[in-house]
Amino acid sequence: MVLNHSDGTAESIELLHTYNEQQIEWLRAGSALNKIRQEMGVA
């Protein structure tokens, strides 16, 4: 993860997680329901 601070500096932090790829997709979509809507082509 990269943290971009308001003073223009940035720092990198290594993160570890136990999410599988599907859970990461849900996170990126905002929720599992949002992901399902995207897959179905519903706005």
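Each value, and the rule that gives it
- Residues numbered from 1 in each chain as written.
- Predicted model: local features only at pLDDT ≥ 70, side-chain atom pairs only at ≥ 80, totals over all residues.
- Heavy atoms only, no water.
- Helix = DSSP H or I, 4+ residues; strand = E, 2+ residues; numbered from the N terminus.
- Buried < 20%, exposed > 50% of the residue type's maximum accessible area, 1.4 Å probe, protein only.
- Patch = residues over 30% accessible without salt bridge, like charges linked within 9 Å, V, L, I, M, F, W, Y side chains within 5 Å.
- Areas by Shrake-Rupley, 256 points an atom, 1.4 Å probe, with all protein chains shown as cover.
- Salt bridge = Lys/Arg side-chain N within 4 Å of Asp/Glu carboxyl O.

Thoughts on the overall build of the protein
Right, on to step 1. For the protein, the count of helices and strands is two helices and two strands.
Right, on to step 2. Secondary structure elements of the protein occur, N-terminal to C-terminal, as β-β-α-α.
Right, on to step 3. Counting only C-alpha atoms and orienting by the principal axes, one finds that the protein spans roughly 40 × 25 × 10 Å.
Right, on to step 4. Across the 43 residues that make up the protein, the buried fraction comes to 7%.

Looking at a nonpolar patch on the surface
Right, on to step 1. A contiguous nonpolar surface patch, about 410 Å² in accessible area, is contributed by Leu 33, Ile 36, Met 40 and Val 42.
Right, on to step 2. Within the fold, Met 40 resides in helix H2 (residues 32-40).

Comments concerning the pattern of salt bridges
Right, on to step 1. Counting across every chain of the model gives two salt bridges.
Right, on to step 2. A salt bridge links Glu 25 to Lys 35; the nearest nitrogen and oxygen atoms lie 3.7 Å apart. Highlighted residues: Glu 25 in helix H1 (residues 21-29) and Lys 35 in helix H2, separated in sequence by 10 residues.
Right, on to step 3. What makes Lys 35 buried here is its relative accessible area of 18%.
Right, on to step 4. Note that Glu 39 is salt-bridged to Lys 35, the shortest N-O span being 4.0 Å. Highlighted residues: Glu 39 and Lys 35, both in helix H2, separated by four residues, approximately one helical turn.
Right, on to step 5. Judged by its relative accessible area of 58%, Glu 39 falls in the exposed class.
Right, on to step 6. One network of salt bridges, with partners in common, ties together Glu 25, Lys 35 and Glu 39.

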